[in-house]
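Single-letter residue listing:
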Amino acid sequence: MKFGGTSVGSAERMRVAAHLAAKEQKKRPVAVVVSAMSKVTDLLLDTMRHAEAGDRAGMERNLTLLRERHAEACRELLPAQDQGVVLAKLHDVIDEFERIVNGMAMLGERPPRSVDEAVAVGERLTVVLVSEYLRASGTPSVGVNARDVVVTDAVFGNASPLMEPTRAKAQALLMPQLEQGLLPVITGFNGATADGRPTTLGRGGSDFSASILAAALDASELWIWTDVDGIMSADPRLVPDAQVLEEITYAEAAELAYNGAKVLHPRTLAPLVEKAIPVWSKNSFAPEKVGTKIVPSMAVEHGARAVASMRHVALVSLTPASPEVNGVQVLARALEAIARADVEVLVLTSSSYRQNFCVLVREDELDRSVRALESALALELAHHYVHPIEVDRNVGLLAAVGEGMQGKPGLAGRIFTAISRVQVNIIAIAQGSSELTIAVVVRREGLEKAVKAVHAECGLGNRPPVPVFPFSQEAEGRAPRSGKR
Ligand code: ADP
Ligand code: ASP
Ligand code: MG
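Residues numbered from 1 in each chain as written. Chains lettered and ligands numbered in written order. Predicted model: local features only at pLDDT ≥ 70, side-chain atom pairs only at ≥ 80, totals over all residues. Heavy atoms only, no water.

Peer 1: Whenever I open this one, the environment of P198 confuses me. Can you help?
Peer 2: Here P198 is to be found in strand β7 (residues 198-200). Considered as a pair, P198 and R113 are 85 residues apart in the sequence and their alpha carbons are 6.7 Å apart. (Helix = DSSP H or I, 4+ residues; strand = E, 2+ residues; numbered from the N terminus.)

This is the structure in structure tokens:
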């Protein structure tokens, strides 16, 4: 079971989380992965920015907030006689954080390795509180730092797990705990390289931690507890009539996550594929609700099943300046440079005439992408073989996702029509050959309107569903006869 930030965001929420885990543990062994309390990771990162800038007052203010938030949770959660010991444990962890940020203030920089060590403190604090509460309320529990279990590569801030050594460590450390009837409470988000350097798995990475551990422990199920009723047909914050999906495939959930549905970290499903471990996405604020089951495959429903979107993206365009330049070679070099800079390409489009091509990247990876391109194409740019790199920040990404979109004529047209009907400009379009996703880049100010329009057009809301393929049967029926044309 994994509990996200809001599901452990206060003493009351931790109590509920602990009871949900303890109740299930009466039936079968349970391991728990926890996030930092909501907003704590942002606070830690902000403190490090103050440190780098030499702003001691800003650091102190944040450290006080951090101490108070966890001390308050401790006082509300634990019986008086336990509070002293637990407060001391919390303070030890926060002192460690303080030492690292003091070092950053002295250096005037934030080395990635130290950032990873420091930012994992949020999860460690939650582990102390939840495991101590479980013990105090009669469930034998042990706190575990994922540094001792999850082995990763050395890509600080966005590490990938090495599954073989992780499995060995999980079997050696966690399995005996589970066999003894203990309930391990493990930090989400972090890990360490094989030689012990601390790493993290990217923002929102506790979902990924949980799936890595579920795979390493051969779990029969993974339950991800969050603050909505499951995976929905759109982000309910954008689309009020979004509906909970009863079941969804790994591929659909992964596409939604990669296109911005924050409810799952994009890499969550990858470790589970091999053993086909099912995932439940459930609401810790309404645990009686069934939630969404994410499964390897299911009977395909027609059309799109959900719409995802991403606001903080930017479009980078490259255009060769003369027809003599081999555009494909420029593209190959550009992509290689972007890949080496560890930038994720969200959408890639190209046109054959001017050989112009665009890549969509996350806004926070934009500077890195442009620097990588400028250095890889320095000669071409200097000699004007390639036009200056263009960057458009005023864009957003929308993606309609569904396995049932494959081979269905007309759907793309309807999506584009729906977007243009609300007068939002389409800038780029991409559809993978899997036809699982249609991705559209639009003007940022129109993104929300476009998401609502596509959601309604695909019949995903609570209004009477518009048939998704009004002409498809007719068109399919007619196809063989008009084949000669
Ligand atoms: P946690 O802290 O539990 O990991 P997150 O905030 O990371 O929770 O993810 C849950 C949030 O994801 C929801 O509150 C919701 O606003 C957002 N979200 C975005 N897209 C979807 C979707 N398709 N279905 C459900 N929630 C979504
Ligand atoms: N606490 C981390 C974050 O906010 C990881 C997570 O919550 O999943 O990104
Ligand atoms: Mg999350």
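Moving on from the model shown.
Peer 1: Whenever I open this one, the pattern of salt bridges confuses me. Can you help?
Peer 2: Scanning all chains against the criterion turns up 28 salt bridges. Residue D95 pairs with R67 through a salt bridge whose shortest N-O separation is 3.1 Å. Residue D95 is located in helix α4 (residues 80-107), and its partner R67 is located in helix α3 (residues 56-77); the two are separated by 28 residues in the primary sequence. Linking K275 and D218 is a salt bridge whose minimum nitrogen-to-oxygen distance equals 3.2 Å. Of the two residues, K275 sits in the loop between α9 (250-258) and β10 (279-283) while D218 sits in the loop between α8 (206-216) and β8 (222-226), which places them 57 residues apart along the sequence. Given a relative accessible area of 38%, K275 falls into the partly exposed group. Three or more residues are tied together by salt bridges with common partners; here these are E24, K27, R28 and E221. (Salt bridge = Lys/Arg side-chain N within 4 Å of Asp/Glu carboxyl O. Buried < 20%, exposed > 50% of the residue type's maximum accessible area, 1.4 Å probe, protein only.)

Peer 1: What is the right way to read helix α1 (residues 11-25) from this model?
Peer 2: Note: α-helices contain 3.6 residues per turn, so residues at a spacing of three or four share the same orientation. Over its 15 residues, α1 extends 21 Å from the first C-alpha to the last, a length consistent with the 21 Å expected when each residue adds 1.5 Å. Restricting attention to buried positions, one finds in α1 the residues A11, R13, M14, A17, A18, L20, A21, A22, E24 and Q25. Those residues of α1 that are buried are in contact with β1 (2-3), β2 (32-34), α3, α6 (121-136), β5 (183-187) and β8. (Expected span 1.5 Å × (residues − 1). Contact = heavy atoms within 4.5 Å.)

Peer 1: Mind showing me how you'd approach unusual backbone geometry here?
Peer 2: When glycine is set aside, most residues are seen to have a negative phi, and most peptide bonds are trans. Not every positive phi belongs to a glycine, and F189 is a case in point at roughly 85°. Mapped onto the fold, F189 is located in the loop between β5 and β6 (190-193). At A276, a position not held by glycine, the phi torsion is positive, near 50°. Along the chain, A276 turns up in the loop between α9 and β10.

Peer 1: Would you mind going over the side chain of T249 with me for this structure?
Peer 2: Within the secondary structure layout, T249 lies in strand β9 (residues 247-249). A distance of 3.1 Å separates a polar side-chain atom of T249 from the backbone nitrogen of E252. There is a polar contact of 2.5 Å between the side chain of T249 and the side chain of E403. In this structure, T249 is in contact with I294, V295, P296, S297, M298 and E403, ignoring residues within four places of it in sequence. (Polar contact = N/O pair within 3.5 Å; in protein donor to acceptor, adjacent residues only side chain to side chain.)

Peer 1: Sorry if this is basic, but what is going on with the site of ligand 2 here?
Peer 2: What surrounds ligand 2 is the set S35, T41, E123, F189, R203, G204, G205 and S206. For ligand 2, an oxygen atom lies 3.1 Å from a polar atom in the side chain of S35. Contacts to ligand 2 include R203, whose side-chain N or O atom sits 2.7 Å from an oxygen atom. With the chains in place, 87% of the 260 Å² that ligand 2 exposes on its own is no longer accessible. (Near = heavy atom within 4 Å. Areas by Shrake-Rupley, 256 points an atom, 1.4 Å probe, with all protein chains shown as cover.)

Peer 1: Sorry if this is basic, but what is going on with the packing of aromatic side chains here?
Peer 2: Pairs of aromatic rings are described using the distance from one ring centre to the other and the angle between the two planes. Here the structure, examined in full by the defined rule, presents two aromatic pairs. The interplanar angle of 0° and the centroid separation of 6.0 Å between the aromatic rings of F3 and W225 together place this pair among those described as stacked. With F3 in strand β1 and W225 in strand β8, this residue pair connects regions lying 222 residues apart in the sequence. Given the relative accessible area of 1%, F3 is considered buried. Each member of the aromatic cluster is reached from another via a ring pair, and the members are F3, W223 and W225. Above the plane of the ring of F285 lies R13, whose end atom (NZ or CZ) is 3.7 Å from the centre. The ring of W223 carries the charged tip of K282 above its face, separated from the ring centre by 6.0 Å. (Phe/Tyr/Trp six-rings, centres within 6.5 Å; stacked < 30°, edge-to-face > 60°. Lys NZ or Arg CZ within 6 Å of the ring centre and 35° of its normal.)

Peer 1: In this structure, what is going on with the nonpolar core? I would like to understand it.
Peer 2: The nonpolar side chains of a soluble globular protein tend to be buried with one another. Counting 54 residues, the largest nonpolar core has F3, V32, M48 and F97 as its most contacted members. It is α4 that contributes the most residues to this core, nine residues altogether. Contact partners of F3, with chain neighbours within four places excluded, come to V8, A17, L20, A21, V32, V33, V34, S35 and W225. Residues A146, V150, I212 and I231 belong to the second largest nonpolar core, which totals 39 residues. (Core = buried A, V, L, I, M, F, W, Y, C linked by side-chain atoms within 4.5 Å.)

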